[in-house]
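Architecture and fold: a report
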Amino acid sequence: APAIFADVQDRCGPVKIVPRRASSLLAPTAPLQLSLRDRVRNWLAHGWWPKLRPGHLYDIRNFPKSLELAPAQEWEAYDFESPTLRDSLVQRRSLVFDELPAKSEVGGLLLWMRTDLAEGVDALDTREDDTSWNLYYLHLEPCRVPESGSFAVKTFVDASKEDVVYRIEAGETVYE
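Predicted model, so just to flag it, every value in this text is computed and none were measured. (Residues numbered from 1 in each chain as written. Predicted model: local features only at pLDDT ≥ 70, side-chain atom pairs only at ≥ 80, totals over all residues. Heavy atoms only, no water.)

1. Concerning the sheet that holds strand 10 (residues 173-175)
Spatially, 4-8-9-10 is the arrangement adopted by the four strands of the open sheet, whose pairing is antiparallel. What marks the edges here is a single partner per strand, and that holds for strand 4 (90-97) and strand 10. Taken pair by pair, the neighbouring strands of this sheet meet at an average axis angle of 15 degrees, ignoring direction. As judged from the eight bridges shared by strand 4 and strand 8 (residues 151-158), these two strands associate in the antiparallel manner. Each bridged residue has a counterpart across the sheet, and for Gln91 the counterpart in strand 8 is Val157. (Pairing = 2+ DSSP bridges. Helix = DSSP H or I, 4+ residues; strand = E, 2+ residues; numbered from the N terminus. Axes fitted to C-alpha atoms, helices over the stretch in contact; angles between N-to-C directions.)

Take a look at the structure:
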């Protein structure tokens, strides 16, 4: 969508767009362990037995807040009404989560969106608000948090075309 909105700005000049702004958030999590009940429910609903694989992105709902190891940080953001939107379509971020429990295990990254629909309307957070938008869980190779309690994540987003390219580096591994 960012490339499409940039094209609208290029062709029409500044226009009002809904949503006005959108950003993606990321939080490191402890490993997700699916209970037998969750696995059976998934099998009944989808016909397959879930097995989490590192590097795979999973569409998820009702992710336990207790597994979040640190407050979320923004890893991409777009102001769709900005005349300089095109300049922000390629983004790199280096995120540092400083207060993780030392020697805890990071098993994944929880990803979700916050959007500012219009002036005077509260922002919509797909983690906090009831929406039809899902959260996403990137299952990682297990990583131990060092004594410092610091965990780094580097992100790259190229939204200059309709097929957005994402790259996330967490621990020693790059996920594309």
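This is not the end of the story, as more comes after the structure.
2. Topic: the packing of aromatic side chains
One pass over the full model with this rule turns up four aromatic pairs. An aromatic cluster of at least three residues, connected via ring pairs, comprises Phe5, Tyr78 and Phe80. (Phe/Tyr/Trp six-rings, centres within 6.5 Å; stacked < 30°, edge-to-face > 60°.)

3. Brief notes about the side chain of Asp125
With respect to the helices, strands and loops of the structure, Asp125 is situated in strand 6 (residues 124-125). On the basis of relative accessible area, Asp125 is assigned to the buried category, the value being 8%. Separated by 2.8 Å, the side chain of Asp125 and the backbone nitrogen of Arg127 make a polar contact. (Buried < 20%, exposed > 50% of the residue type's maximum accessible area, 1.4 Å probe, protein only. Polar contact = N/O pair within 3.5 Å; in protein donor to acceptor, adjacent residues only side chain to side chain.)

4. A few points about unusual backbone geometry
Pro19 follows Val18 through a cis peptide bond whose omega is 5 degrees. One can find Pro19 in the loop between helix 1 (2-12) and strand 1 (21-29). Positive phi outside glycine occurs at Lys103, with the angle close to 65 degrees. Relative to the helices and strands, Lys103 is located in the loop between strand 4 and strand 5 (105-116).

5. So, the pairing of strand 5
In terms of residue burial, strand 5 counts as a mostly covered element, since nine of its 12 residues are buried. Pairing between strand 1 and strand 5: nine bridges, direction antiparallel. The residue of strand 5 that forms the bridge with Ala22 is Thr115. Where strand 5 lies against strand 7 (residues 135-144), six bridges are found, and the strand directions are antiparallel. Counted as the bridge partner of Val106 is Cys143 from strand 7.

6. So, the nonpolar core
Leu109, Phe151 and Val153 are the most contacted members of the largest nonpolar core, which totals 41 residues. Beyond its immediate stretch of four places on either side in the chain, Phe151 contacts Pro28, Leu95, Val96, Phe97, Leu100, Val106, Leu109, Leu140, Cys143, Ala170 and Gly171. (Core = buried A, V, L, I, M, F, W, Y, C linked by side-chain atoms within 4.5 Å. Contact = heavy atoms within 4.5 Å.)

7. Focus: the pattern of salt bridges
The tally for this structure, following the rule as stated, stands at 12 salt bridges. As a salt-bridge pair, Glu119 and Arg20 come within 3.9 Å of each other at their nearest N and O atoms. Of this pair, Glu119 sits in the loop between strand 5 and strand 6 while Arg20 is found in the loop between helix 1 and strand 1, placing the two residues 99 residues apart along the sequence. Among the residues examined, Arg20 registers a relative accessible area of 16% and is labelled buried. Here Glu176 and Arg167 are joined by a salt bridge, their closest N and O atoms 3.7 Å apart. In this structure Glu176 comes out as exposed when scored by relative accessible area, which is 74%. Exposure remark for Arg167: the relative accessible area of 32% places this residue in the partly exposed category. Residues participating in the shared-partner salt-bridge network are Arg20, Arg21, Asp79, Asp116 and Glu119. (Salt bridge = Lys/Arg side-chain N within 4 Å of Asp/Glu carboxyl O.)

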